[in-house]
Amino acid sequence: MSAKTIGIIGGGQLGRMLAMAAARLNFRTVVLEPQADCPAAQVANAQIVAAYDDAEALAELARLSDVVTYEFENVPVSAAAMLAQSVPVYPPPRALEVSQDRLVEKSFIRDCAIPTADFAAVDSQADLEAALDRFGGVGVLKTRRLGYDGKGQRLFRSPAESREGAFEALGGVPLILESLVPFEREISIIAARDANGTIACYDPAENVHRNGILHTSTLPARIGEATADQARRAARAILDSLSYVGVIGVEFFVLPDGGLVANEIAPRVHNSGHWTEAACIVSQFEQHIRAVSGHPLGDPRRHSDCVMQNLIGDDIDDVPAWLETPDVLVHLYGKTEARPGRKMGHVTRLTG
Ligand code: AMP
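Residues numbered from 1 in each chain as written. Predicted model: local features only at pLDDT ≥ 70, side-chain atom pairs only at ≥ 80, totals over all residues. Heavy atoms only, no water.

The next subject is the overall build of the protein chain. A count of helical and extended segments in the protein chain gives eleven helices and 17 strands. A globule of 352 residues ought to have a C-alpha radius of gyration of about 20 Å, and the protein chain, at 20 Å, matches this closely. Projected onto the principal axes, the alpha-carbon positions of the protein chain cover approximately 60 × 50 × 40 Å. Taking all 352 residues of the protein chain together, 55% fall into the buried category. As displayed, the protein chain has an accessible area near 14,900 Å², and 49% of this comes from carbon and sulfur atoms. Taking the average location of the 33 positive side-chain charges in the protein chain and that of its 45 negative ones, the two points are 3 Å from each other. (Helix = DSSP H or I, 4+ residues; strand = E, 2+ residues; numbered from the N terminus. Rg over C-alpha atoms; globule rule 2.2 N^0.38 Å. Buried < 20%, exposed > 50% of the residue type's maximum accessible area, 1.4 Å probe, protein only. Areas by Shrake-Rupley, 256 points an atom, 1.4 Å probe, with all protein chains shown as cover. Lys, Arg positive; Asp, Glu negative; His and termini not counted. Charge placed at Lys NZ, Arg CZ, Asp CG, Glu CD.)

Right, let's talk about the domain arrangement of the protein chain for a bit. Splitting the protein chain by domain gives domain 1 (5–89), domain 2 (118–178) and domain 3 (185–350). Taking only C-alpha atoms into account, the centre of domain 1 sits 35 Å from that of domain 2. (Domains from an automatic or database assignment.)

Okay, the pattern of salt bridges next. For the structure on display, the rule yields 22 salt bridges. Of the charged contacts, one joins R290 and E286 as a salt bridge, the two residues approaching to 2.8 Å between their closest N and O atoms. Linking R290 with E286, this pair stays in helix 10 (residues 284–293), spanning four residues, or about one helical turn. Members of the salt-bridge network, linked through shared partners, are E225, D229, R232 and R233. (Salt bridge = Lys/Arg side-chain N within 4 Å of Asp/Glu carboxyl O.)

Let's shift gears to the layout of surface pockets. In this approach, a probe sized like a water molecule rolls over the atoms, and the result shows the empty space that is left. The space that makes up the second largest pocket amounts to roughly 190 Å³. Along the walls of the second largest pocket sit M17, M20, A21, R24, E277, C280, I281, V282, S283, F285 and H331, which together make up its complete lining. If one sorts the elements of the lining of the second largest pocket by residue count, helix 1 (residues 13–24) sits on top with four residues. Looking at the lining of the second largest pocket residue by residue, the classes come out as seven nonpolar, two polar and two charged. Summarising the domain contributions, the lining of the second largest pocket has at least three residues from each of domain 1 (5–89) and domain 3 (185–350). (1 Å grid on protein atoms, 1.4 Å probe; cavity = no way out; pocket = protein on both sides within 12 Å on 5 of 7 lines; lining within 4 Å. Points joined across faces, edges and corners; volume = space filled by probe spheres on them. Nonpolar A, V, L, I, M, F, W, Y, C, P; charged D, E, K, R; others polar.)

Bringing the side chain of R16 into the picture now. Here R16 lies in helix 1. Put simply, R16 is tucked away with no salt bridge, and the nearest opposite charge, on D37, sits 7.6 Å away. Once residues lying within four places of it in the same chain are set aside, the contact partners of R16 are P39, A40, Q42, V43, L332, Y333 and G334. (Contact = heavy atoms within 4.5 Å.)

With that out of the way, let us pick up unusual backbone geometry. Leaving glycine out, the prevailing phi sign among residues is negative, and the prevailing peptide bond configuration is trans. Cis geometry marks the peptide bond from Y90 to P91; its omega dihedral reads -5 degrees. Of note, the bond from L219 into P220 is cis; its omega dihedral lies within 30 degrees of zero at 0 degrees. Residue placement: P220 occurs in the loop between strand 12 (213–219) and helix 8 (225–241). Its identity as a non-glycine residue notwithstanding, A113 has a phi of 65 degrees, on the positive side. Residue placement: A113 occurs in the loop between helix 5 (102–111) and strand 5 (119–122). Residue S243 is not a glycine yet carries a positive backbone phi of 45 degrees.

Running from N to C, helix 2 (residues 55–64) and helix 3 (residues 77–84) point in directions that differ by 40 degrees, and their axes come no closer than 10 Å. Comparing their axes, helix 3 and helix 2 come out oblique. Note on packing geometry: the crossing formed by helix 2 with helix 3 is right-handed. Together, A55, L58, L61 and A62 of helix 2 and A79, M82 and L83 of helix 3 make up the contact between the two elements. Split into classes, the residues belonging to the contact of helix 2 with helix 3 amount to seven nonpolar, no polar and no charged. (Axes fitted to C-alpha atoms, helices over the stretch in contact; angles between N-to-C directions. Parallel < 35°, antiparallel > 145°, perpendicular 65-115°, else oblique. Left-handed = near helix turned anticlockwise from the far one by under 90°.)

Once that is clear, we can look at the packing of aromatic side chains. Within this structure, the stated rule accounts for three aromatic pairs. Taking 4.8 Å as the distance between ring centres and 55 degrees as the angle between the ring planes, the aromatic pair formed by Y52 and F72 counts as tilted. One end of the pair, Y52, is in the loop between strand 3 (46–48) and helix 2; the other, F72, is in the loop between strand 4 (67–70) and helix 3, with 20 residues separating them in the sequence. Seen from their ring centres, Y202 and W275 are 6.2 Å apart, and the 85 degrees between their planes marks the pair as edge-to-face. Of the two residues, Y202 sits in the loop between strand 10 (199–201) and strand 11 (205–210) while W275 sits in the loop between strand 14 (260–266) and helix 9 (276–279), which places them 73 residues apart along the sequence. (Phe/Tyr/Trp six-rings, centres within 6.5 Å; stacked < 30°, edge-to-face > 60°.)

The environment of the ligand is formed by 14 residues, the closest being K142, Q153, S179, V181 and E186. A distance of 2.9 Å is found between a nitrogen atom of the ligand and a backbone nitrogen or oxygen belonging to S179. In isolation the ligand offers 470 Å² of accessible surface; the protein chains occlude 86% of this area. When residues of the shell around the ligand are traced back to their parent elements, those giving at least two are strand 6 (139–143) and strand 14. Tallied by class, the residues present in the shell around the ligand amount to five nonpolar, four polar and five charged. (Near = heavy atom within 4 Å. Polar contact = N/O pair within 3.5 Å; in protein donor to acceptor, adjacent residues only side chain to side chain.)

Here it is, written out as structure tokens:
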């Protein structure tokens, strides 16, 4: 029997869009999120206003839900594990462990026989010097945990660049140095796996970032069939290896020869998959709800070319114009204050 109530940890726009997709299939949703009246709670049936690791709140969420999922990868693994004792938690908590730490993540991806940048753990300035020397004096230094949208990173573009104090400058926390990938473009693939092991892949999207934040996702991506196939095979390997249930996003760099280098995985619906709500019959949000609730996966085929653009901060002022533009689906997140860098909504324009 399929689930009746779906618990969602996290109350942002991804949780909001999951709750909307769930409602269309007659599911009820309960959101666990410390911020009252969050984007997801505005459209869900109920909200538990508490911290993600509040034991009482987690017990309440488990009691109310037939299955629990999450909308962000920094859900405490201990909270997911606690819930999993009394209610199915999808995607599996192991996916959280892997994606919360860039070092674990890169090692995991490599173990799936998928190419990654070279990488080295950096726990001191001496580690950094040694790793930079190994990578020819260039690389990207990142915090292992809690980095997002390009935050907590330092780029070493040339061997001449000063390295002094670089370890401490990122907070003295565990870091990873990655070799610099000479990529031509960035793509991502959104894929889903159900509990029977059936997998469905959407077409890869070509992504452009601005100030470290996703700006546009364009379909089709300017890649050949062999590259698209490599992306699908990588997604399959990752999903199977994790015995995954739900939607995943995998980001890649495309090399000049068309080869792919995996950058990161997101064990959830992903910003670069928002286009699916306009250009596919079954969106990534419905696909995720289908997977975690025990329904069969939907058809991921794309019926249109399109461009998804994020509305960041003041971009929200452009909404009246977007509403007058033909072939555009406008989706807003219910956030009242438009701070710089804050994702307020997105638009998807069908282009063919
Ligand atoms: P991330 O936080 O890992 O998604 O990185 C943010 C952005 O920094 C990526 O979208 C790339 O544009 C760039 N970047 C990250 N890692 C590398 C790398 N190893 N080589 C080249 N560019 C990178």
